[in-house]
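Structural overview
These are the residues of each chain, in order.
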Amino acid sequence: MPRKQPTARQRRLGRELRRLREAAGLTARQAAESLGTISVTMSQIESGVAGVSEARVRRIAAQYACTDTQLIDALVGMATERTDGWWEEYRDGLPPMFLDLAELQHHATFLQEIATAHVPGLLQIEDYARAVFAYWRPEIPENEMELRVEHRIRRQVDLGMAPYTAVLHEPVLRTRVANRRVARAQLDAVLERSDAPGVTVRVIPFDVDGFAGASAELLYAGGRVPALDTAQRDTPQGTAFIDAPAQLLSLRTLFRKVEAVSLEPARSRDYLHRLAKEL
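Presented here is a report on the structure given in the accompanying data block.

1. Some details on the overall build of the chain
Looking only at helices and strands, one finds 12 helices and six strands in the chain. Counting only C-alpha atoms, the chain reaches 70 × 40 × 30 Å along its principal axes. When each of the 279 residues of the chain is scored for burial, the buried share is 47%. Excluding contacts between residues fewer than 6 apart, the proportion of contacts in the chain whose partners are at least 24 apart in sequence is 74%. Total accessible area computed for the chain in this model is approximately 14200 Å², and 51% of it derives from carbon and sulfur atoms.

Structure representation (structure tokens):
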């Protein structure tokens, strides 16, 4: 049966299959005929509304003359892995974006983050997360607010399972989104988590030269192959997942530029300790 609400991961699989078809120079109708199906089915597969088996993914790849075996295997994984992750518990209580972000993080081979406004969700403590949600969405009912906070903290279960690098601009660490006590506790938490295996925290101080990226908020998630990388950015319209090759290349370059002006991890920890004493 067609899915009523495909996930971001399911929609991404469909887009990748469409890209392969377009690279082969085939219309949806031509592809459907060559695969012995109908255009409606192809449309449903490419929109993520319909599931697709391993055999069909491999048959589609062969029909489109795709010889990239690593990409094909990765697409098969996306089509056949049935991960009922912890985030599914929140399907009826939170917007789909929350679930999609948790699933993206779960499957990532690495995570890179730039934060210039708030401490990243993967490093936030409960009181900090609650203050952020309450400021931007004060109309949210209390029960949903607590679900959002709980979900954000649970995302941290996977922290460090894939290499994670966070580059934090100094205002992120100094801004008191709640009060002095929460600011100090949050800074202590960043310090603690920066020492965890697989986690790297780098700081960009106010007085560093060569940083013009004050609006460079970004979460970049590595896929099983580079072609399946995904970036996530917040926009006035909500959260956007980016997977267009040219945009991904631009965002990889952006991360390298921002990382290059940040302090080394050891110096960043020293800087965090100094900030903590000031609080």
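2. Description of the nonpolar core
L123, Y164 and L272 are the most contacted members of the largest nonpolar core, which totals 34 residues. A per-element tally of this core places helix α10 (residues 180-194) first, with six residues. Non-local contacts of Y164, meaning those with residues more than four positions away in its chain, are made with L111, E113, P120, L122, L123, L159, G198, V199 and T200. Grouped together as the second largest cluster of nonpolar side chains are 24 residues, V52, I60, C66 and A79 included.

3. Remarks on the pairing of strand β1 (residues 111-115)
Of all the five residues making up β1, four are buried; the element is thus mostly covered by neighbouring parts of the structure. By the bridge criterion, four bridges tie β1 to strand β4 (residues 218-221) in an arrangement that is antiparallel. Bridging across to β4, L111 finds its partner in A221.

4. Thoughts on the pattern of salt bridges
According to the stated counting rule, one finds 25 salt bridges in the structure shown. Taking the shortest distance from any N to any O, the salt bridge between D100 and R11 comes out at 3.8 Å. In this pair, D100 is assigned in helix α6 (residues 96-107) and R11 in helix α1 (residues 8-23), connecting sequence segments 89 residues apart. Owing to a relative accessible area of 30%, R11 belongs among the partly exposed residues under this scheme. In this structure, R202 and E264 form a salt bridge, with 3.5 Å as the shortest nitrogen-oxygen distance.

5. Here's the deal with the side chain of S262
By the secondary structure assignment, S262 is in the loop between α11 (245-260) and α12 (265-278). A polar side-chain atom of S262 sits 2.8 Å from a polar atom in the side chain of R202. Within polar-contact distance, the side chain of S262 engages the backbone oxygen of E259 at 2.6 Å. In this structure, S262 is in contact with V167, R202, V203 and I204, ignoring residues within four places of it in sequence.

6. Re the packing of aromatic side chains
By the definition in use, this model includes five aromatic pairs. Judged by centre distance (5.4 Å) and plane angle (80°), the rings of Y135 and W136 are edge-to-face. Judged by relative accessible area, Y135 falls into the exposed class, the value being 65%. For W136, a relative accessible area of 56% gives the class exposed. Through a chain of ring-to-ring contacts, the aromatic side chains of W86, W87 and Y90 assemble into a single cluster.

7. A closer look at unusual backbone geometry
In this model, A65 sits at a positive phi of 60°, which is unusual for a non-glycine residue. The topology assignment puts A65 in the loop between α4 (54-63) and α5 (69-80). For A65, a relative accessible area of 61% corresponds to the exposed category.

Calculation criteria
- Residues numbered from 1 in each chain as written.
- Predicted model: local features only at pLDDT ≥ 70, side-chain atom pairs only at ≥ 80, totals over all residues.
- Heavy atoms only, no water.
- Helix = DSSP H or I, 4+ residues; strand = E, 2+ residues; numbered from the N terminus.
- Buried < 20%, exposed > 50% of the residue type's maximum accessible area, 1.4 Å probe, protein only.
- Contact = heavy atoms within 4.5 Å.
- Areas by Shrake-Rupley, 256 points an atom, 1.4 Å probe, with all protein chains shown as cover.
- Core = buried A, V, L, I, M, F, W, Y, C linked by side-chain atoms within 4.5 Å.
- Pairing = 2+ DSSP bridges.
- Salt bridge = Lys/Arg side-chain N within 4 Å of Asp/Glu carboxyl O.
- Polar contact = N/O pair within 3.5 Å; in protein donor to acceptor, adjacent residues only side chain to side chain.
- Phe/Tyr/Trp six-rings, centres within 6.5 Å; stacked < 30°, edge-to-face > 60°.

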